[in-house]
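# Overview (structure and organization)
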Amino acid sequence: MKINYQNISVSDSLFNDLLSLYELAFPEAERRPIEKLRHIAAAESRFHICVATVDGAFAGFITYWAILDFVYIEHLAVMPEIRGLGIGRNLLALVAERADGKPIIFEVEPDADEISHKRIVFYQRLGYILHPDFPYIQPAYAPGRDPIELQLMTSTPTTHLHLHQMAEAIKENVYLAYF
């Protein structure tokens with residue numbers, strides 16, 4: 001079995017595979033409308049997409065933003081039938097390498113059920129730190145959608161002040177700029 005990782009653009013044929021998994025893996029409230037995602041992927045130099053393939057077949061993806069002095073991971077998903085092969089771990093490691101020592105931050109659903117608990121534990125095993133005492137609301141991705149209460153995880157120990165600064169930069173650069 002050969003696993004490859006590569007950056008793609010909207011013109012790559014794998015982008016359509018990404019869109020299918022994107023809609024499968026994330027509820028509507030936690031994803032952008034497809035046309036907005038296409039626009040950002042084509043026009044935004046700070047936005048990056050990396051996909052994984054197994055023996056040439058699409059296996060998963062990670063999207064992330066290089067914002068100021070940190071990296072924000074927006075989405076990570078692996079095809080359900082091939083989870084457990086290390087693809088998610090390797091995609092995260094790839095972003096960490098590209099972050100070049102800058103802190104990494106991302107949102108997770110609160111630890112409310114078995115799936116969200118397993119997801120948080122997965123990230124914690126990789127060294128990420130959950131900040132359950134920091135209140136965080138993900139802005140709506142589109143008009144007519146509601147904001148969502150989520151939690152933040154970071155790659156390094158972080159003060160509340162720095163979490164607040166990063167959260168504000170994410171809202172401004174990722175959500176409000178493309179509402």
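None of these values were measured; they are calculated from a predicted model. (Residues numbered from 1 in each chain as written. Predicted model: local features only at pLDDT ≥ 70, side-chain atom pairs only at ≥ 80, totals over all residues. Heavy atoms only, no water.)

Packed helices, taken two at a time, are described by the angle between their axes plus the distance between the axes. Packing of helix H1 (residues 14-25) against helix H2 (residues 34-43) leaves a shortest axis separation of 12 Å and a crossing angle of 135°. Our classification of the angle between H1 and H2 gives oblique. In this structure, H1 crosses over H2, and the sense of that crossing is right-handed. In contact with Phe-15, Asn-16, Leu-18, Leu-19, Tyr-22 and Glu-23 of H1, H2 contributes Ile-34, Leu-37, Arg-38 and Ala-41. (Axes fitted to C-alpha atoms, helices over the stretch in contact; angles between N-to-C directions. Helix = DSSP H or I, 4+ residues; strand = E, 2+ residues; numbered from the N terminus. Parallel < 35°, antiparallel > 145°, perpendicular 65-115°, else oblique. Left-handed = near helix turned anticlockwise from the far one by under 90°. Contact = heavy atoms within 4.5 Å.)

Turning our attention to the side chain of Glu-107. As for its placement among the helices and strands, Glu-107 is situated in strand E5 (residues 104-108). Within the structure, Glu-107 has its side chain in polar contact with the side chain of Tyr-72 (distance 3.0 Å). Only 2.5 Å separates the side chain of Glu-107 from the side chain of Tyr-136, close enough to count as a polar contact. When sequence neighbours within four positions are dropped, the list of residues in contact with Glu-107 reads Tyr-72, Tyr-136, Gln-138, Leu-150, Gln-151, Leu-152 and Tyr-175. (Polar contact = N/O pair within 3.5 Å; in protein donor to acceptor, adjacent residues only side chain to side chain.)

The strand order E1-E2-E3-E4-E5-E7-E6 describes an open sheet built from seven strands, whose pairing is mixed. The open sheet has two edge strands with one neighbour each: strand E1 (3-7) and strand E6 (129-138). Strand-to-strand twist of the sheet, defined as the mean angle between neighbouring strand axes without regard to direction, takes the value 30°. Packing of H1 onto the sheet brings it into contact with E1, strand E2 (47-54), strand E3 (57-67) and strand E4 (70-78), and relative to E3 it is tilted by some 85°. Lying over the sheet, helix H4 (residues 114-125) contacts E4, E5, E6 and strand E7 (148-154), oriented at roughly 20° with respect to E7. (Pairing = 2+ DSSP bridges.)

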